[in-house]
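An overview of the molecular structure
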Amino acid sequence: IKIDPVYLQDSKNAIIGSIINIEDITEIVKLENMRRDFVANVSHELKTPLTSINGFVETLIMNEDLPVNKRNRFLAIIKKESDRLKRLIEDILLLSSIESKNNLVMENILLYDVFKEVYEMINYIANSKKIDLQYNFEDEEIVVQAYGDYLKQLLLNLIDNAIKYTPEGGKVTINQLSINDEIVIEVIDNGVGIPKEDQSKIFQRFYRVDKARSRSVGGTGLGLAITKHIVHSLKGSICVESELGEGSKFIVRLPKKIS
Ligand code: ADP
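Residues numbered from 1 in each chain as written. Predicted model: local features only at pLDDT ≥ 70, side-chain atom pairs only at ≥ 80, totals over all residues. Heavy atoms only, no water.

**Some points on the site of the ligand**
Quick reminder of the rule: A cutoff of 4 Å decides nearness: a residue is near a molecule or strand if any of its heavy atoms lies inside that distance of it. To be clear on the numbers: accessible area is Shrake-Rupley with a 1.4 Å probe, and residue cover counts the displayed protein chains and nothing else. In this analysis a 1.4 Å probe is tested at points of a 1 Å grid over the protein atoms alone, and where it fits but cannot get out there is a cavity; an open set with protein on both sides within 12 Å along at least five of seven lines is a pocket; lining residues have an atom within 4 Å of a point. To qualify as sitting in a cavity or pocket, a molecule needs more than half of its atoms within 2 Å of the grid points. We count a stretch as a helix when DSSP gives it H or I for four or more residues in a row; a strand needs E for two or more, and each element gets its number in order from the N terminus.
The immediate surroundings of the ligand are formed by 21 residues, with Tyr 165, Ser 214, Thr 220, Gly 221 and Leu 224 found nearest. Computed on the free molecule, the ligand has an accessible area of 530 Å², of which 97% lies beneath the protein chains in the complex. For the ligand, the cavity whose grid points lie within 2 Å of the majority of its atoms is the largest pocket. The leading source of residues in the shell around the ligand is helix α4 (residues 150-164), at three residues.

Written as structure tokens, this is what we have:
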């Protein structure tokens, strides 16, 4: 709470009254803290790959006659870390554009078309991990009101995670159902699962259950934060059900019509 007193004085400067302005700034402080945490997190996340790139480039410059295999190994690390930087910057920009909804217009979009496009993009990754990618669409004609590429991004993030966090030979299933006035999309995997205490936190920016695993599968820690923002911008909801070691089920509910 912020209290600002203003004193009223007469012509001889004697205090004859006061106005006290009491303002509840909980929300403002909360937002300011979130912004500060975000900047600190972003700086840290950007610094890690940069430090590594810098170190390896310096080593290459200082040691001109490194054996070819060592040189190539260092170059591969530099490439991997710069790819990671690029993904991070792309995700940060995407998150901020979703928050500000820059110049976007709601369109009526055929969900099945978007899903097929995502499926084509991602099926080869599933194949390379021998993951059985299945889908069941209750209604291939269902239309969703959404902004530009948001639906694609939403599906991509959830299916990509399901594949990333499922070991070789696993199974990922995407279901589309309609319940009353809602379109329901389920992304189910039989992968590593998420501990109960982490389930409410995974939608926060940069939160990962296992940082090392997320890094090794190429995660930025922003995918689910982006997904949650997209779902909320479409007036929908997202939740997760998961058992550690057994798998996870992400459920997205979107209204058929946004009023
Ligand atoms: P990341 O880039 O690390 O994957 P996300 O925001 O997409 O970031 O996800 C946050 C964290 O939630 C992940 O690091 C992972 O620990 C957990 N997670 C997300 N999806 C799944 C899933 N399908 N199975 C198990 N864990 C998951």
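**Details of a nonpolar patch on the surface**
Filter applied, for reference: A residue counts toward a patch only above 30% relative accessible area and without a salt bridge, and it is joined to like-charged neighbours within 9 Å or, for Val, Leu, Ile, Met, Phe, Trp and Tyr, to nonpolar neighbours within 5 Å. Counted as salt bridges are all cases of a side-chain nitrogen of Lys or Arg within 4 Å of a carboxyl oxygen of Asp or Glu. Think of it in three bands: residues with accessible area under 20% of the maximum for their type are buried, residues over 50% are exposed, and the middle band is partly exposed, with areas taken using a 1.4 Å probe on protein chains only.
On the surface, Ile 1, Ile 3, Ile 20 and Ile 22 cluster together into a nonpolar patch covering about 450 Å² of accessible area. Residue classification places Ile 1 among the exposed residues on the basis of a relative accessible area of 71%.

**Describing the packing of aromatic side chains**
Definition in use: Note on aromatic contacts: the rings of Phe and Tyr and the six-membered ring of Trp form a pair at centre separations within 6.5 Å, being stacked when their planes are under 30 degrees apart, edge-to-face when over 60 apart, and tilted otherwise.
Under the criterion given, the structure shown has ten aromatic pairs. Ring plane angle 65° and centroid distance 5.5 Å describe the contact between Tyr 147 and Tyr 150, whose orientation is recorded as edge-to-face. Among the residues examined, Tyr 147 registers a relative accessible area of 11% and is labelled buried. Here Phe 203 and Phe 250 contribute two aromatic rings whose centre-to-centre distance is 6.3 Å and whose plane-to-plane angle is 75°, an arrangement assigned as edge-to-face. One end of the pair, Phe 203, is in the loop between β7 (182-189) and α5 (211-216); the other, Phe 250, is in strand β9 (residues 247-255), and 47 residues separate them in sequence. For the residue pair Phe 203 and Phe 250, the accessibility class agrees, reading buried in each case.

**Describing the sheet that holds β9**
Here is the rule: Only strands that DSSP links by at least two bridges are regarded as paired with each other. A fitted line through C-alpha atoms represents every axis, and for helices the fit uses only the stretch in contact; the resulting angles, taken between N-to-C directions, go from 0 to 180 degrees. The contact rule is simple, with two residues in contact once any of their heavy atoms fall within 4.5 Å.
The strand order across the open sheet built from five strands is β4-β6-β7-β9-β8, with neighbouring strands paired in mixed fashion. Of all strands in the sheet, those with a lone pairing partner are β4 (132-137) and β8 (237-243), marking the two edges. Taken over all neighbouring pairs, the strand axes of this sheet differ in orientation by 15° on average, direction set aside. Of the pairings in the sheet, the one linking β8 to β9 comprises seven bridges and is antiparallel in character. Residue pairing across strands places Val 240 opposite Phe 250, the latter belonging to β9. Contacts from helix α3 (residues 111-128) reach β4, β6 (171-179) and β7, with the element oriented near 170° to β4.

**Things to note about the layout of surface pockets**
Rule in force here: Grid points are joined across faces, edges and corners, and a volume is the space filled by probe spheres set on the points. Under this grouping Gly is polar, as are all residues other than the nonpolar Ala, Val, Leu, Ile, Met, Phe, Trp, Tyr, Cys and Pro and the charged Asp, Glu, Lys and Arg.
As a volume, the largest pocket reaches approximately 1000 Å³. Contributions of two or more residues to the lining of the largest pocket are made by α2 (68-100), α3, α4, β7, α5, α6 (223-233) and β9. The greatest single-element share of the lining of the largest pocket, amounting to eight residues, is contributed by α4. Considering only residue class, the lining of the largest pocket consists of 22 nonpolar, twelve polar and nine charged. Its volume calculated, the second largest pocket comes out at about 280 Å³.

**Here's the deal with the pattern of salt bridges**
Within the structure shown, the criterion is met by 14 salt bridges. A salt bridge links Glu 117 to Lys 152; the nearest nitrogen and oxygen atoms lie 3.0 Å apart. Of this pair, Glu 117 sits in helix α3 while Lys 152 is found in helix α4, placing the two residues 35 residues apart along the sequence. Residue Glu 117 is classed as partly exposed on the basis of its relative accessible area, which comes to 39%. Asp 210 is paired through a salt bridge with Arg 213; the nearest N and O atoms lie 3.8 Å apart.

**Quick look at unusual backbone geometry**
Phi is positive for Asn 180, which is not a glycine, with a value near 50°. Turning to its location among the elements, Asn 180 is positioned in the loop between β6 and β7. Even without glycine at this site, Phe 206 takes up a positive phi of about 65°. Mapping Phe 206 onto the fold places it in the loop between β7 and α5. Residue class for Phe 206 comes out buried when judged on its relative accessible area of 5%.

**What about the confidence of the model for the chain?**
Where we set the bar: The score called pLDDT rates the predictor's confidence residue by residue, from a low of 0 to a high of 100.
In this model, the chain carries a mean pLDDT of 92, and residues with pLDDT of at least 70 account for 98%. The ipTM for the predicted assembly is 0.98, set against a pTM of 0.85.

**Quick word on helix α1 (residues 26-62)**
Each α-helix winds once per 3.6 residues, and so residues spaced three or four apart point in a common direction. What counts is decided by this rule: Here a helix's expected span is defined as the number of its residues, less one, multiplied by 1.5 Å. One fitted axis covers the seven residues ending at a residue, a second covers the seven starting there, and the bend at that residue is the angle between these axes.
With 37 residues, α1 extends 53 Å between its outermost C-alpha atoms, agreeing within 8% with the 54 Å of an ideal straight helix rising 1.5 Å per residue. The sharpest bend along α1 comes to roughly 25°, located at Lys 47, with the proline Pro 49 sitting one to four residues further on. What α1 keeps buried is the set Phe 38, Val 42, Glu 45, Pro 49, Ile 53 and Leu 60. Considering only its buried residues, α1 is in contact with α2 and α5.

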